[in-house]
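# Overview (structure and organization)
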Amino acid sequence: MFDFGQNMAGLVEIRLPKLMEDRLVIRYAETLDKDGNFYTENLRTARCTDTFVYGEKQVGMLVMPHFTFHGFRYICVEGAGTETEASDFTACAMHTDMQPTGTFTSDNTLVNQLQSNIQWGQRGNFLDVPTDCPQRNERMGWTGDAQAFSRTATYNADVENFFRQWMVALRDDQADNGGIGSTVPTYTTSTDVEFADGTTWAAAVCMVPWQLYTQYGDTQIIRENFDTMKAWLDGMDSFDFEANGKTYTGLSGKTTGLADWLSIDGNTTSDIVNNAIYIYMMEVTAIMADEIGETEYAQTLRDRHDLAKQEWNEVYVDSETGMTQNADGEIIDSQTSYATPLNFNCF
């Protein structure tokens, strides 16, 4: 087993050693268990294994796999002879070419390590598409992860063209009804053509252009994606929200997707979070529409936004206590139910 001292995404260049068996097997892992053993449980069904079959003539050759990558810090080498040395293996980090733009240091070593982890995490997950993780069986361009991290990414590196390229794939993947899926490129065997539920992931269609525009000041990202943003927002608007026997036309009924599912109390409903994000997407897209001269649609979004914000407070705020409540009128009073609307200007 060999430790490269840094978790990364990439590959290992190998100087092929003499074999004790009929093949060389390299397994990859991010961490060790509490007893110091090679640990791969967190990889789930991902094999994370490279196998090399070669003869004596190939011993000493430098080789590296293609058409794959791994997330790792450790490798376990099987089948190699006793003369194998650490110098036979070189870890090669792989990521999209990004020019560093910001640095941060402090007199606190833990804070500095946190910043280093953030930067390495960005490198490891910015390999052609913004992924959620480079190691396990989930190396996909999750839209939720992209929208949540897009602003942070701009402080570490120049990612304008990286995200512009990813938005091309997002536009191509948008359904005819305006829906945006959870991953871009889309990976699914489903033939379901219903409008994708939720904003926590799909709102990347508006959030990523918004963050790039506010950080770089270039309206090109707005022009390239305006029709896509409009199609999604119009689709969201076409589904009314039902609560307590009343129909709310400003809020969206497509708001029961992923939200705060790992909360301690498990009390925050998906729709309170998703509708808050929907309200904010109308707010910022109205600003972007104005910037490219789409003033009529900007006003349409502001009218929708004002109605949705009014309805959000009617549905989700208890008039007597001021506490948050769910659509059935039951008190929520959780951190997420307050932090989310505060962040997205809903109160």
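The notes below deal with the structure included here. Small disclaimer: the values here were computed from a predicted structure and weren't measured.

Next up on the list: the overall build of the protein. Across its full length, the protein holds eight helices and twelve strands. Across its three principal directions, the C-alpha atoms of the protein cover 75 × 50 × 45 Å. For the protein, with 347 residues in total, the buried portion stands at 46%. Within the protein, contacts between residues at least 6 apart in sequence are counted, and of these 72% link residues at least 24 apart. Here the protein displays about 17800 Å² of accessible surface, and carbon together with sulfur accounts for 48% of that area. When the 22 positive and 52 negative side-chain charges of the protein are each reduced to one mean point, those points stand 8 Å apart.

Moving on to the packing of aromatic side chains. Under the definition given, this model contains 15 aromatic pairs. Site record: aromatic cluster; members linked through ring pairs are F126, F149, F162, F163 and W166. The ring of W120 carries R123 above its face, with NZ or CZ at 4.6 Å from the centroid. Note that R139 overlies the ring of F69, its terminal NZ or CZ placed 5.3 Å from the centroid.

Let's shift gears to helix 2 (residues 143-156). Taking 1.5 Å of rise per residue, 14 residues should cover 20 Å, and helix 2 covers 20 Å from first to last C-alpha, within 8% of that figure. A maximum bend of about 50 degrees is found in helix 2 at S150. Taken residue by residue, helix 2 has T143, G144, A146, Q147, S150, A153, T154 and N156 as its buried positions. Those residues of helix 2 hidden inside the fold are in contact with helix 1 (109-125), strand 9 (126-127), strand 10 (129-130), helix 3 (160-173) and helix 4 (204-216).

Here we take up a nonpolar patch on the surface. On the surface, a cluster of nonpolar side chains totalling about 380 Å² of accessible area is made up of L258, W261 and L262. Assignment of secondary structure puts L258 in the loop between strand 12 (246-248) and helix 6 (270-291). The exposure class of L258 is partly exposed, given its relative accessible area of 41%.

The omega torsion of the bond from V184 to P185 falls at 0 degrees, within 30 degrees of zero and hence cis. Here P185 shows up in the loop between helix 3 and helix 4. Of note in the backbone geometry, D128 takes a positive phi value of approximately 75 degrees without being a glycine. For D128, the position within the fold is in the loop between strand 9 and strand 10.

Attention now goes to the packing of helix 3 against helix 4. Running from amino to carboxyl end, helix 3 crosses helix 4 at an angle of 155 degrees, the nearest separation of the two axes being 11 Å. If you check the angle between helix 3 and helix 4, you find them roughly antiparallel. The handedness of the crossing between helix 3 and helix 4 is left-handed. In contact with E160, F163, R164, W166, M167 and L170 of helix 3, helix 4 contributes A204, V205, V208, P209, L212 and Y216. Looking at the contact of helix 3 with helix 4 residue by residue, the class counts come to ten nonpolar, no polar and two charged.

A separate point is the pattern of salt bridges. One pass over the full model with this rule turns up eleven salt bridges. Residues K246 and E314 are paired through a salt bridge, measuring 2.8 Å at the closest nitrogen-oxygen approach. With K246 in strand 12 and E314 in helix 7 (residues 295-316), this pair connects stretches of sequence that are 68 residues apart. Judged by relative accessible area, E314 falls into the partly exposed class, the value being 39%. In this structure, a network of salt bridges that share partners links the residues K230, D234, D237 and R304.

Take helix 3 next. The end-to-end C-alpha separation of helix 3 is 20 Å, in line with the 20 Å expected for 14 residues at 1.5 Å each. Each element contacted by the buried residues of helix 3 is listed here: strand 9, strand 10, helix 2, helix 4 and helix 5 (220-237).

Moving on, we come to the side chain of D271. By the secondary structure assignment, D271 is in helix 6. No salt bridge forms around the buried D271; measuring N to O, its nearest opposite-charge neighbour K254 is 14 Å away. Excluding residues that lie within four positions of it along the chain, D271 makes contacts with F241, T255, Y316 and A327.

Turning our attention to the packing of helix 4 against helix 5. One can describe the packing of helix 4 onto helix 5 by two numbers: an axis separation of 9 Å at closest approach and a directional angle of 150 degrees. The angle between helix 4 and helix 5 places the two elements in the roughly antiparallel class. For the pair helix 4 and helix 5, the crossing hand works out as left-handed. Contacts from V205, C206, P209, L212 and Y213 in helix 4 reach I221, I222, N225, T228, M229, W232 and L233 in helix 5. Considering only residue class, the contact of helix 4 with helix 5 consists of ten nonpolar, two polar and no charged.

How each quantity is defined
Residues numbered from 1 in each chain as written. Predicted model: local features only at pLDDT ≥ 70, side-chain atom pairs only at ≥ 80, totals over all residues. Heavy atoms only, no water. Helix = DSSP H or I, 4+ residues; strand = E, 2+ residues; numbered from the N terminus. Buried < 20%, exposed > 50% of the residue type's maximum accessible area, 1.4 Å probe, protein only. Contact = heavy atoms within 4.5 Å. Areas by Shrake-Rupley, 256 points an atom, 1.4 Å probe, with all protein chains shown as cover. Lys, Arg positive; Asp, Glu negative; His and termini not counted. Charge placed at Lys NZ, Arg CZ, Asp CG, Glu CD. Phe/Tyr/Trp six-rings, centres within 6.5 Å; stacked < 30°, edge-to-face > 60°. Lys NZ or Arg CZ within 6 Å of the ring centre and 35° of its normal. Expected span 1.5 Å × (residues − 1). Bend = angle between axes of the 7 residues up to and from the residue. Patch = residues over 30% accessible without salt bridge, like charges linked within 9 Å, V, L, I, M, F, W, Y side chains within 5 Å. Salt bridge = Lys/Arg side-chain N within 4 Å of Asp/Glu carboxyl O. Axes fitted to C-alpha atoms, helices over the stretch in contact; angles between N-to-C directions. Parallel < 35°, antiparallel > 145°, perpendicular 65-115°, else oblique. Left-handed = near helix turned anticlockwise from the far one by under 90°. Nonpolar A, V, L, I, M, F, W, Y, C, P; charged D, E, K, R; others polar.

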